[in-house]
Amino acid sequence: MIVQNSTATRQAIIEASRESNRNGLNQGTSGNISVRTDEGVVITPTSRAYETMKPEDLALLPLGGAYGAYTGPYKPSSEWRFHSDIYAARSDVNAIVHVHATYATVLSMLRKDIPACHYMIAAFGGPTIRCADYAIFGSKELSDAVVKALEGRLGCIMGTHGMIAVGKTLDHAMWLAVELENLAKQYYLALQIGEPVILADEEIARVDERMKHGYGIWG
Ligand code: 13P
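Notes on the structure follow. (Residues numbered from 1 in each chain as written. Predicted model: local features only at pLDDT ≥ 70, side-chain atom pairs only at ≥ 80, totals over all residues. Heavy atoms only, no water.)

## A closer look at the packing of aromatic side chains
With the rule as written, the count across this model stands at 2 aromatic pairs. A centroid spacing of 4.9 Å and a plane angle of 70° characterise the contact between Tyr67 and Trp80, whose relative ring orientation is edge-to-face. One end of the pair, Tyr67, is in the loop between β3 (59-62) and α2 (80-89); the other, Trp80, is in helix α2, with 13 residues separating them in the sequence. The class for Tyr67 is partly exposed, based on a relative accessible area of 46%. For Trp80, a relative accessible area of 14% gives the class buried. Seen in terms of ring centroids, Tyr103 and Tyr188 are 5.4 Å apart; in terms of plane orientation they differ by 65°. Their pairing is edge-to-face. In this pair, Tyr103 sits in helix α3 (residues 102-109) while Tyr188 sits in helix α5 (residues 170-193), placing the two residues 85 residues apart along the sequence. We classify Tyr103 as partly exposed; its relative accessible area is 24%. The ring of Tyr74 is capped by Arg48, whose NZ or CZ atom sits 3.6 Å from the centre of that ring. (Phe/Tyr/Trp six-rings, centres within 6.5 Å; stacked < 30°, edge-to-face > 60°. Helix = DSSP H or I, 4+ residues; strand = E, 2+ residues; numbered from the N terminus. Buried < 20%, exposed > 50% of the residue type's maximum accessible area, 1.4 Å probe, protein only. Lys NZ or Arg CZ within 6 Å of the ring centre and 35° of its normal.)

## What to know about the sheet that holds strand β1 (residues 32-37)
With mixed pairing, the 7 strands of this open sheet are ordered in space as β3-β2-β1-β4-β7-β6-β5. In this open sheet, the two strands that pair with only one neighbour each are β3 and β5 (131-132). Of the pairings in the sheet, the one linking β1 to strand β4 (residues 95-99) comprises 4 bridges and is antiparallel in character. Bridge pairing in β4 links Ile33 to Val97. Here α5 sits on the sheet in contact with β1, β4, β6 (155-158) and β7 (162-167), set at roughly 140° to β7. (Pairing = 2+ DSSP bridges. Contact = heavy atoms within 4.5 Å. Axes fitted to C-alpha atoms, helices over the stretch in contact; angles between N-to-C directions.)

## Examining a nonpolar patch on the surface
A surface patch of nonpolar side chains, about 350 Å² in accessible area, is lined by Tyr134, Ile136 and Phe137. In this fold, Ile136 is placed in the loop between β5 and α4 (140-149). Note on Ile136: relative accessible area 52%, which makes it exposed. (Patch = residues over 30% accessible without salt bridge, like charges linked within 9 Å, V, L, I, M, F, W, Y side chains within 5 Å. Areas by Shrake-Rupley, 256 points an atom, 1.4 Å probe, with all protein chains shown as cover. Salt bridge = Lys/Arg side-chain N within 4 Å of Asp/Glu carboxyl O.)

## Points about the site of the ligand
Near the ligand you find Thr29, Ser30, Gly31, Asn32, Thr46, Ser47, Ser77, Ser78, Glu79, His98, His100 and His161, and these make up its full shell. Between the ligand and His98, the relevant distance is 3.3 Å, taken from an oxygen atom to a side-chain nitrogen or oxygen of the residue. Considering the ligand on its own, with 300 Å² of exposed area, one finds that the protein chains cover 91% of that surface. When its residues are assigned to classes, the shell around the ligand shows no nonpolar, 11 polar and 1 charged. (Near = heavy atom within 4 Å. Polar contact = N/O pair within 3.5 Å; in protein donor to acceptor, adjacent residues only side chain to side chain. Nonpolar A, V, L, I, M, F, W, Y, C, P; charged D, E, K, R; others polar.)

## Examining the pairing of β4
Of all 5 residues making up β4, 5 are buried, and the element is well covered by its neighbours. Relative to β7, β4 is paired through 5 bridges, and the arrangement is antiparallel. Note on β7: the bridge partner recorded for His98 is Ile164.

## Some remarks on the pattern of salt bridges
All chains considered together, the criterion is met by 9 salt bridges. For the salt bridge of Arg22 with Glu19, the shortest nitrogen-to-oxygen distance reads 3.1 Å. Of this pair, Arg22 and Glu19 both sit in helix α1 (residues 7-22), 3 residues apart, roughly one helical turn. Look at Arg22 and you get exposed, because its relative accessible area is 57%. Ionic pairing is found between Lys140 and Asp144, a salt bridge with its closest N-O pair at 3.4 Å.

Have a look at this one:
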């Protein structure tokens, strides 16, 4: 569902940004959030405090505008490239949450994919959450790397950087961001005491089927 470029949509992005700092998914002005709207992509401005942010402070990357064109009082997030490129590559995605959550970022420092160490990985569309190659923040190289890591998935880790969760709606993307950080934490902790058992791809496909027909609201 494509939402309107309304005050309510913009306020929801601000609330989600504040929530990501409250629930430990993010800290300070790290991270950025966007939503696909009827008029283009609405995205948080670069480096501004979420606590004092107002709906009119968000940037709009207008539909059909040149790559990088924006309207708004402040520059869009420095990561506007990957936000734009993910929406262009993925018609199933209407919201993007990028955060520097601690455990996902620790795994990203080791360049570790998350394997199927827990069945909840199926919520991301397959048996792995990939770690994208490192590239400097804000770059086209980073954008290309994350679009690739997200192929067939609703989340990825970003080499020596953080993570991205994408969803059908902002609530869906936020839910996945929390789940991704939880999986990263559980995987990290399991690695401290041994080698976690990895579920087979066929089992993750079965979980995916079961989730579609009997679990949750995102199926
Ligand atoms: P912005 O403040 O420009 O969105 O950048 C934060 C960030 O996480 C860059 O990757």
